[in-house]
Amino acid sequence: GANFRQVQLPQDLDEKSYTVLDTSEGAVMIHVHHDSTEAPSNVGNVYISDAQGVRYTLSLPNNVRSSHGECEFDKVLSLEGVYMANFKDMPRADGDGKKEGISSKKADALKDAEDLEAQASAGTEVDKRRTPKAKAKDESIVRTVISFDKGGVWSYLKPPAVDSRGAKIECPPDRCWLHLHGITNFQNYAPFYSTENAVGIIMGTGNVGPYLRFEPDQTNTFLSRDGGLTWSESHKGAFIYEFGDHGGLVIMADDVRKTKQVVFSWNEGQSWYDFELSDIPLEVDNIVTEPSATSTKFLLYGTRGDTGVMYHLDFEALGQSLCKGVWAADSVSSDYETWMPSDGKGTEKCMLGRQVSYTRRKQTSECFNGEKFERPTSRKNCACTEENFECEMGFTREVGSIDCKFANDGSIPAPDRCTSSSNFNVVGHRKVIGDSCEGGWQPQKVAVPCPANSRMSRGGMSVLGTIAVVAAIMGAVTFLSRSEKFKGVFANYGFDAYGDVKYATIGARTPETGLDSCGTRFDADFIDNDQDDFDDDAPQLMAYTGGGRDDRDRDRDRDRGRRDVPRGVDTASAAVPRLSKPPGKSSAANDGDELDLL
């Protein structure tokens, strides 16, 4: 306690409260209640630290919590790196960009159910378990997930194929999973549960479907004997349970209705037996045994009316012998087998970078382990895969995915050379604390964009500078062109270059008519007959002359000389042939033989 270091979370958010979830495996897992307006009530984010406990990365968002700080996040005590949790699945954007939310009716129902649970929590332990179940809270957005690598990757629970009666369970794998109740709802149902000496055995109450349901008629009891990888339905209805004999004995009783019976299994849920406690039913509150769960003796307590009752259950009376052959596991003569936990993703059955082999009693062996039983284990390291790495600060994973995506939350410090349009390379993974894998897959650096507030690159500054200069010039020109002082300068700009140009006198020669300028015409008869009508309207051409005559004046004089020669039919050459009359015409036309058709 002499020295303290400030921790680093992925983003700056308001922290209302903290809950330390686990510190047992070299890393610190904390639940931070941010009380964000965008997140649902009574949730927080789960963060996992590095080996020094300073840098934290987001592991699971929206983890369910109670108003008293209890979080639905538990370690499977018999296995390394296995955790279970409940989280509220937030509404997600659909194809139209709209968010799929809960209807107002369902939201009101959820609020009423939470109020009902809050009222129940104010009573005694017995009162809590006897309050009416929140049927209004029929289907919430709570889902159960499990991690086999200390919070690095989360996945949904696989539902059983058949129920406890052998009927097939219809459950599409893309929208249907197993969901179990957590500690925040303990006044209604038993939470998921494990003990250190019952290796691989987990029990819980819940339902199969898209979400966790809260009606008693939808809640059943489930068991897993392989560390949460697969599950089976143990019994219809919600039961309270306890383990004994190192997991070789499982005891449970009805947790919702009055009962006379206790149900037990000595083969890890393969078969179940029941016996009656008394002729008068009672309401069972709990079943307990000694903390190590190695004994075959239990205490069951509850109420009958207004009176509390307690029963002592001793299963040594069954007369089972002690199991044999612990050091010859898997042999025909041995009552034991070896079992290696797995996350179901590989054939090597590696978890946290190693194969761990446990010795446990065969499911079909009718014997007890005994309180002095010591379980042999063996370990072997595996080659590294991407599952052996969690996301580094600044990267996040979605539930069911192993891809670490850049979060862009400002938690990664950018280098000094970073510009707003460039990228820099960082490693997006870090090895899970306590993972012992060797070789194999190793994380590579990935390119991430520099922060938007980084300095501008040289190219960007050049482009902006050019645009600014052009804009300034255009603005100056526009201003000056609108100014009265400079308007004359702009209007006469350029004409001073023609100061030495001389101009000819306009109108020095007498204009001539358009008919005179047209040159020689061959229809003189037509012109001679009608020219009097157009003399006044004939177009006039202006002559532009200087001090001397040019080529155009000589051409015009030549044309005027040609126009003085009279032209007409009578001046045509005698050699011009005459046109013949058309053939086949009447004699009347013969009179016109002398007609000149020209």
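Each remark here, short or long, concerns the structure printed above.
The structure reproduced in this document is the subject of the present report. (Residues numbered from 1 in each chain as written. Predicted model: local features only at pLDDT ≥ 70, side-chain atom pairs only at ≥ 80, totals over all residues. Heavy atoms only, no water.)

## Here's the deal with the overall build of the chain
The cut-off we apply is this: Labels follow the DSSP assignment, with helices taken as runs of H or I lasting at least four residues and strands as runs of E lasting at least two, numbered in each case from the N terminus. Whether a residue is buried, partly exposed or exposed follows from its accessible area with a 1.4 Å probe, protein chains only, as a fraction of its type maximum: under 20%, in between, or over 50%, in that order. We call two residues contacting when some pair of their heavy atoms lies within 4.5 Å. Exposure was quantified through the Shrake-Rupley algorithm and a 1.4 Å probe, taking into account, for residues, occlusion by the shown protein chains and nothing else.
For the chain, the count of helices and strands is six helices and 30 strands. By the burial criterion, 40% of the 598 residues in the chain qualify as buried. The long-range share in the chain, meaning contacts at least 24 apart out of those at least 6 apart in sequence, stands at 59%. With an accessible surface of roughly 34400 Å², the chain has 52% of that area assigned to carbon and sulfur atoms.

## Considering the side chain of Glu390
Among the secondary structure elements, Glu390 is positioned in strand β23 (residues 389-391). What Glu390 contacts, discounting residues up to four positions off in sequence, is Ile48, Ser49, Lys150, Gly152, Arg397, Cys404, Gly428, His429, Arg430, Lys431 and Val432.

## Things to note about the sheet that holds strand β16 (residues 273-276)
Where we set the bar: Pairing between strands is defined by DSSP: at least two bridges between the two strands are required. Fitted lines through C-alpha atoms give the axes, limited to the stretch in contact for helices. The angle between two N-to-C directions lies from 0 to 180 degrees.
Strands sit in the order β13-β14-β15-β16 across an open sheet of four strands; the sheet is antiparallel. The strands lining the two open edges of the sheet, one partner per strand, are β13 (239-244) and β16. Within this sheet the neighbouring strands show an average axis-to-axis angle of 25°, counted without direction.

## Description of the sheet that holds strand β10 (residues 202-209)
Strand pairing in a sheet relies on backbone hydrogen bonds, with the paired strands running either antiparallel or parallel. Read from one edge of the open sheet, four strands run β9-β10-β11-β12, paired in antiparallel fashion. Edge strands, defined here as strands with exactly one partner in the open sheet, are β9 (177-180) and β12 (232-235). Adjacent strand axes in the sheet meet at a mean angle of 55°, parallel and antiparallel pairs treated alike. When strand β11 (residues 220-224) meets β12, the two strands line up antiparallel, connected through three bridges. Paired with Leu223 across the bridge in β12 is Ser232.

## Some words on the nonpolar core
Test applied: Take the buried residues of types Ala, Val, Leu, Ile, Met, Phe, Trp, Tyr and Cys, join any two whose side-chain atoms come within 4.5 Å, and each joined set is a nonpolar core.
Core analysis: the largest hydrophobic core is formed by 29 residues, its most contacted members being Leu249, Ile251, Leu300 and Leu313. Looking at this core, the elements that each hand over two or more residues are β13, β14 (249-254), β15 (261-265), β17 (283-288), β18 (297-304) and β19 (307-314). No other element matches the five residues that β14 contributes to this core. With near-sequence residues (within four places) excluded, Leu300 lies in contact with Ala253, Val262, Leu277, Leu282, Val284, Asn286, Ile287, Val309, Met310, Tyr311 and Leu313.

## Quick notes on the pairing of β18
Pairing of β17 with β18 involves five bridges; the strand directions are antiparallel. In the sheet register, Glu283 faces β18, and the bridge partner there is Thr303. Sheet topology places β18 next to β19; eight bridges connect them, and they run antiparallel. Each residue of the ladder has a partner; that of Lys297, found in β19, is Asp314.

## Observations regarding empty space enclosed by the protein
Note the threshold: The way it works is a 1 Å grid over only the protein atoms, where trapped points that fit a 1.4 Å probe form a cavity and open points with protein on both sides within 12 Å along at least five of seven lines form a pocket, and then any residue with an atom within 4 Å of a point lines it. Grid points are joined across faces, edges and corners, and a volume is the space filled by probe spheres set on the points. Basically, the charged four are Asp, Glu, Lys and Arg, the nonpolar ten are Ala, Val, Leu, Ile, Met, Phe, Trp, Tyr, Cys and Pro, and anything else, Gly included, counts as polar.
Evaluation of the coordinates by the stated rule reveals four cavities of 30 Å³ or more. In this structure, the largest cavity occupies an estimated 110 Å³ of space. Around the largest cavity sit 13 residues that line it, and Leu58, Ser59, Gly151, Gly152 and Arg397 are the ones nearest its centre. At the level of secondary structure, the elements contributing two or more residues to the lining of the largest cavity comprise β4 (56-64) and β23. Looking at the lining of the largest cavity element by element, the count peaks at three residues for β4. Here the residues of the lining of the largest cavity are counted per class, giving six nonpolar, four polar and three charged.

## Some words on the packing of aromatic side chains
The description of an aromatic ring pair uses the distance of the two centres, along with the angle that the planes make with each other. To keep things clear, this is the line we draw: For Phe, Tyr and Trp, rings pair up if their centres lie within 6.5 Å, where Trp contributes its six-membered ring, and each pair is then called stacked (planes under 30 degrees apart), edge-to-face (over 60) or tilted (otherwise). Note on criteria: charge over ring means Lys NZ or Arg CZ within 6 Å of the ring centre, with the direction from the centre no more than 35 degrees off the ring normal.
Per the counting criterion, the structure on display carries 15 aromatic pairs. For the pair Trp266 and Tyr273, a centre-to-centre distance of 6.2 Å together with 10° between the ring planes defines the contact as stacked. The class of Tyr273 is partly exposed, set by a relative accessible area of 35%. Relative to Phe315, the ring of Phe298 has its centre 5.7 Å away and its plane inclined at 85°; by these criteria the two rings are edge-to-face. You can see Phe298 sitting in strand β18 and its partner Phe315 sitting in the loop between β19 and β20 (336-339), a full 17 residues away along the chain. In this structure, Phe298 and Phe315 share a single accessibility class: buried. Directly above the ring of Tyr83 sits Lys75, whose terminal nitrogen or CZ lies 5.3 Å from the centroid.

## Details of the pattern of salt bridges
Cut-off, in case you're wondering: In the sections that follow, a salt bridge refers to a side-chain nitrogen of Lys or Arg positioned within 4 Å of a carboxyl oxygen of Asp or Glu.
One pass over the full model with this rule turns up 17 salt bridges. Residues Glu25 and Lys75 are paired through a salt bridge, measuring 2.4 Å at the closest nitrogen-oxygen approach. Placement of Glu25 in the loop between β1 (17-22) and β2 (29-33) and of Lys75 in strand β5 (residues 73-75) is noted, with a sequence separation of 50 residues between them. According to the relative accessible area criterion, Glu25 is buried, its value standing at 17%. Since its relative accessible area comes to 18%, Lys75 is described here as buried.

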